[in-house]
Amino acid sequence: MQAGDVLMVCLGNICRSPLAEGIFSHYSQDYTIRVDSAGTANYHTGAAPDPRSIAIASENKIDISAQKARQFTVKDFQRFDYIYVMDKQNLSNVLRLATTAQERAKVRLLLDPHEVEDPYYGGDEGFAIVFDKIAKACKEIIAQWKH
Ligand code: 4NP
C-alpha cells in the first residue's frame, strides 16, 4: 500500500474518529500526508472532542483538544486517498454517498472485518479499549506503507 491522505470517519466526530485522527497523525510523522476526521451526522459540528477522548489521548501523549467536529461531505472522496470508517453504520452511510467505483474503493472499516464500537454511552474504560484498538490498526496500516 502507498502512503496517502487519510480521513477517519465515525458518527458524531467527537469520540472515535478524533482519536483515530490524533493517533494516525502521531504515528505517520515520517510521511507528508493530510490526516483529518469527520462524522456522518452533523449534530456536533464545531464541537471539541468528547472530554473522555481528550483524556485518553492525553494519557498517551497525544493532544486532540484543538480538533473541531465537522460532517463528512462528498468532496472528501476527492480530498482523501483512504477513508477509514469505525462501524458498519458509518460504512453504509459513506458508501451511500459514493458515486463511482473509485470512490467506493477508498472506503473501508478501520478494523476490517471488525468494528470500533461506539463508546459514547459507556464509561471511561470503553474509551481506553477504543484507543488501544485504533492505535493497533493505525500502526498496522502505517507498517504496510513501509517497504
Ligand atoms: P462518535 O460517538 O461517533 O464516536 O463521535 C458518538 C458521539 C455522539 C453521539 C453518538 C456517537 N450522539 O448520539 O450524540
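Structure shown above.
Our subject in this report is the structure included herewith. (Residues numbered from 1 in each chain as written. Predicted model: local features only at pLDDT ≥ 70, side-chain atom pairs only at ≥ 80, totals over all residues. Heavy atoms only, no water.)

1. Details of the pattern of salt bridges
- Inspection of the entire model under this criterion finds six salt bridges.
- E140 is the partner of K136 in a salt bridge, and the nearest nitrogen-oxygen pair spans 3.2 Å. Residue K136 and its partner E140 are located together in helix α6 (residues 124-145), separated by four residues, close to a single helical turn.
- Overall, the relative accessible area of 53% leaves K136 in the exposed class.
- The class of E140 is partly exposed, set by a relative accessible area of 43%.
- In this structure, a network of salt bridges that share partners links the residues D36, R70, D76 and R79. (Salt bridge = Lys/Arg side-chain N within 4 Å of Asp/Glu carboxyl O. Helix = DSSP H or I, 4+ residues; strand = E, 2+ residues; numbered from the N terminus. Buried < 20%, exposed > 50% of the residue type's maximum accessible area, 1.4 Å probe, protein only.)

2. Overview of the site of the ligand
- All residues adjacent to the ligand are C10, L11, G12, N13, I14, C15, R16, Y43, H44, D118, Y120 and Y121.
- Between the ligand and the protein, one listed contact pairs an oxygen atom with a backbone N or O atom of G12 at 2.8 Å.
- Its free accessible area being 350 Å², the ligand has 92% of it covered by the protein chains.
- Of the residues in the shell around the ligand, the class split is seven nonpolar, three polar and two charged. (Near = heavy atom within 4 Å. Polar contact = N/O pair within 3.5 Å; in protein donor to acceptor, adjacent residues only side chain to side chain. Areas by Shrake-Rupley, 256 points an atom, 1.4 Å probe, with all protein chains shown as cover. Nonpolar A, V, L, I, M, F, W, Y, C, P; charged D, E, K, R; others polar.)

3. Structural notes on the nonpolar core
- Residues M8, L19, I23, F24, M86, L110 and I134 are the most contacted members of the largest nonpolar core, which totals 31 residues.
- Going through the elements one at a time, β1 (6-10), α1 (16-27), α2 (51-59), β3 (82-85) and α6 are the ones with two or more residues in this core.
- When residues in this core are grouped by element, the largest group, 10 residues, is from α6.
- Once you skip the residues sitting within four places of it in the chain, I134 turns out to touch R16, L19, A20, I23, M86, L110 and V116.
- F72, F77, V94 and A98 belong to the second-largest nonpolar core, a separate cluster that totals 12 residues. (Core = buried A, V, L, I, M, F, W, Y, C linked by side-chain atoms within 4.5 Å. Contact = heavy atoms within 4.5 Å.)

4. Remarks on the layout of surface pockets
- Computed from the structure, the largest pocket encloses a volume of approximately 220 Å³.
- What lines the largest pocket is a set of 13 residues, and nearest its centre among them are L110, L111, D112, E140 and I141.
- Within the residue set of the lining of the largest pocket, elements represented by two or more residues are β4 (107-109) and α6.
- The residue makeup of the lining of the largest pocket, split by class, is seven nonpolar, one polar and five charged. (1 Å grid on protein atoms, 1.4 Å probe; cavity = no way out; pocket = protein on both sides within 12 Å on 5 of 7 lines; lining within 4 Å. Points joined across faces, edges and corners; volume = space filled by probe spheres on them.)

5. Looking at the pairing of strand β2 (residues 35-39)
- For β2, the tally of buried residues reaches four of five residues, placing the bulk of the element in the interior.
- Sheet topology note: the β1/β2 ladder contains five bridges and is parallel. Bridge pairing in β2 links M8 to S37. (Pairing = 2+ DSSP bridges.)

6. Quick word on the sheet that holds β1
- The strand order β2-β1-β3-β4 describes an open sheet built from four strands, whose pairing is parallel. For this open sheet the edge positions go to β2 and β4, each flanked by a neighbour on one side alone. Shown here is a sheet whose adjacent strand axes are inclined to one another by a mean of 25 degrees, direction ignored.
- In terms of strand pairing, β3 meets β4 through three bridges, oriented parallel. Looking across to β4, one finds that V85 is bridged to L109.
- Relative to the sheet, α1 contacts β1 and β2, its axis offset from that of β1 by approximately 155 degrees.
- Docked against the sheet, helix α4 (residues 88-97) engages β1, β3 and β4, running at close to 175 degrees with respect to β4. (Axes fitted to C-alpha atoms, helices over the stretch in contact; angles between N-to-C directions.)

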